[in-house]
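Given next are the chains, with one letter for each unit.
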Amino acid sequence: MTPRHDPHLKAFASDNYAGVHPEILQAIVAANGGHQISYGEDVYTEALQDVFRNHFGERARAWPVFNGTAANVVSLRAMTAQWEAVICAESAHINTDEGGAPEVVGGIKLLTVPTPDGKLTPELIDRQAWGFGDVHRAQPRVVSISNTTELGTVYTPAELTALCAHAHDLGLLVHLDGSRLTNAAAALDVPMRALTTDAGVDVLSFGGTKIGLMYGEAVVVLNPDAAGGIDCLRKTFMQLSSKMRFVSAQFEALLAGDLWLRNARQANAMGRRLAAAVRELPGVELSRPVEANAVFAVLPADVAERLRKRFRFYTWNADLGEVRWMCAFDTTEADVDAFAAALAEELAA
Ligand SMILES: Cc1ncc(COP(=O)(O)O)c(C=O)c1O
């Protein structure tokens, strides 16, 4: 069959515009053929538990799901009772980009807090951590954060440790949306457990799709006392894959060796390269710190419009003229250089 895409076209819209890493595709092929017990009782899913334990500690247990929205909804529902609520940044994916799934599908009340950089702090948590015992208020139960954040910033282990300690002191649990946890760990050059288990995170949504999987994310419970019923909830929320071996085999390929780190380092390095290439261009202002694989910039609207005819990317804040450029595991130096050159041309036009 003729491919219906231009194999040379690269976009800077999202890291999930990228295809599947060849090592992941090979793992899917290797898992094919023969019969396996369905619904997660296959040998690949069984083996996966050790892989997750190696990264996140002895108590970790993973439940593969289809996508990140589902990982968040299943995690948060498993951590809260019906009268309880989740504190998150206003910019959190669960609040802005999940079609209301936490509320509509999960039935979960979100208590949002504006932040300057996408990060919650103990002080910002306190803005919503009140009204305990007041029957008129949804009861705060979970703090949900994202690392990297939706604004491209990265929480350090020290920030996470302080945040988790504060949440726990208030009787709250901590959920981490780790759609890009690999990028955060690579950016700081720390093991993923330094940003999760060791910092006190209770439940993690672990991201695979943006870092090279065809599809697949996982709910990873780090503190078994923090969440219950996931075996059943995953099915109720339509996330129990009958041929789960193909999700699990992908995760094994990503995590058993260093593929996750290689991919995250590449995406981050391309983010840095892009920032360096455009920082000095007259008419472009980098609007946020570049800490991993996301670059935010403000540029004239007509320039953005012309550039968009050559490369795809998202407008982040139309009022400010802010756009987001995202690098993926397969973004190359040549891609970045071509993009920066095109930007320079459009600025000069
Ligand atoms: C921070 C964050 N969380 C979760 C997700 C997962 O979303 P999806 O349901 O598209 O896999 C994304 C994807 O863009 C994301 O950026």
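Residues numbered from 1 in each chain as written. Predicted model: local features only at pLDDT ≥ 70, side-chain atom pairs only at ≥ 80, totals over all residues. Heavy atoms only, no water.

J.: Tell me about the packing of helix α1 (residues 22-31) against helix α10 (residues 245-255), and name the residues and values.
T.: Here α1 crosses α10 at 135°, and the two axes come no closer than 8 Å. Here α10 runs oblique to α1, going by the angle between their axes. In the packing of α1 onto α10, the handedness of the crossing is right-handed. Where α1 approaches α10, its residues E23, I24, A27, I28 and A31 are matched on the opposing element by R245, F246, A249, Q250, A253 and L254. Broken down by class, the residue content of the contact of α1 with α10 amounts to eight nonpolar, one polar and two charged. (Axes fitted to C-alpha atoms, helices over the stretch in contact; angles between N-to-C directions. Helix = DSSP H or I, 4+ residues; strand = E, 2+ residues; numbered from the N terminus. Parallel < 35°, antiparallel > 145°, perpendicular 65-115°, else oblique. Left-handed = near helix turned anticlockwise from the far one by under 90°. Contact = heavy atoms within 4.5 Å. Nonpolar A, V, L, I, M, F, W, Y, C, P; charged D, E, K, R; others polar.)

J.: Can you tell me about the sheet that holds strand β11 (residues 322-326), naming the residues and giving the values?
T.: In space, the four strands of this open sheet follow the order β8-β9-β11-β10, with antiparallel pairing throughout. Looking at which strands have only one partner, the edges of the open sheet turn out to be β8 (285-286) and β10 (314-317). Against the sheet, helix α11 (residues 259-278) makes contact with β8, β9 (294-298) and β11, and its axis sits at roughly 25° relative to β9, the strand it touches most. (Pairing = 2+ DSSP bridges.)

J.: Mind laying out the environment of F237, listing which residues take part and the relevant values?
T.: Inspection of the secondary structure puts F237 in the loop between α9 (230-236) and α10. Note on F237: relative accessible area 12%, which makes it buried. Separated by 34 residues in the primary sequence, F237 and V203 have C-alpha atoms spaced 18 Å apart. Residues contacting F237, with those up to four places away along its chain left out, are V73, V74, R77, V105 and G106. (Buried < 20%, exposed > 50% of the residue type's maximum accessible area, 1.4 Å probe, protein only.)

J.: Provide a residue-level description of unusual backbone geometry, including the pertinent values.
T.: In this model, N147 is joined to T148 through a cis peptide bond whose omega is 0°. A positive phi angle is found at D189, which is not glycine, with a value near 55°. With respect to the helices, strands and loops of the structure, D189 is situated in the loop between α8 (181-188) and β6 (203-207). Under the relative-accessibility criterion, D189 is labelled exposed at 58%.

J.: Please set out the packing of aromatic side chains residue by residue, giving values where relevant.
T.: Per the counting criterion, the structure on display carries 14 aromatic pairs. With centroids separated by 6.4 Å and ring planes inclined at 85°, the aromatic side chains of Y17 and Y314 adopt a geometry described as edge-to-face. Taken together, the residues Y17 in the segment before α1 and Y314 in strand β10 connect sequence positions 297 residues apart. Looking at Y314, the relative accessible area reads 36%, which means it is partly exposed. Members of the aromatic cluster, connected to one another through ring pairs, are F12, F311, F313, W325 and F339. Note that R137 overlies the ring of W130, its terminal NZ or CZ placed 3.4 Å from the centroid. (Phe/Tyr/Trp six-rings, centres within 6.5 Å; stacked < 30°, edge-to-face > 60°. Lys NZ or Arg CZ within 6 Å of the ring centre and 35° of its normal.)

J.: Report on the site of the ligand, specifying residues and quantitative values.
T.: Around the ligand sit N67, G68, T69, N72, H93, E98, E150, D177, S179, R180 and K210, and those are all the residues in its vicinity. H93 places a side-chain nitrogen or oxygen 3.3 Å from an oxygen atom of the ligand. R180 places a polar side-chain atom, nitrogen or oxygen, 3.1 Å from an oxygen atom of the ligand. About the coverage of the ligand: the protein hides 80% of its 390 Å² of free accessible area. Per element, the largest residue contribution to the shell around the ligand is three residues, and it comes from helix α3 (residues 68-79). A breakdown of the residues in the shell around the ligand according to their chemical character gives no nonpolar, six polar and five charged. (Near = heavy atom within 4 Å. Polar contact = N/O pair within 3.5 Å; in protein donor to acceptor, adjacent residues only side chain to side chain. Areas by Shrake-Rupley, 256 points an atom, 1.4 Å probe, with all protein chains shown as cover.)

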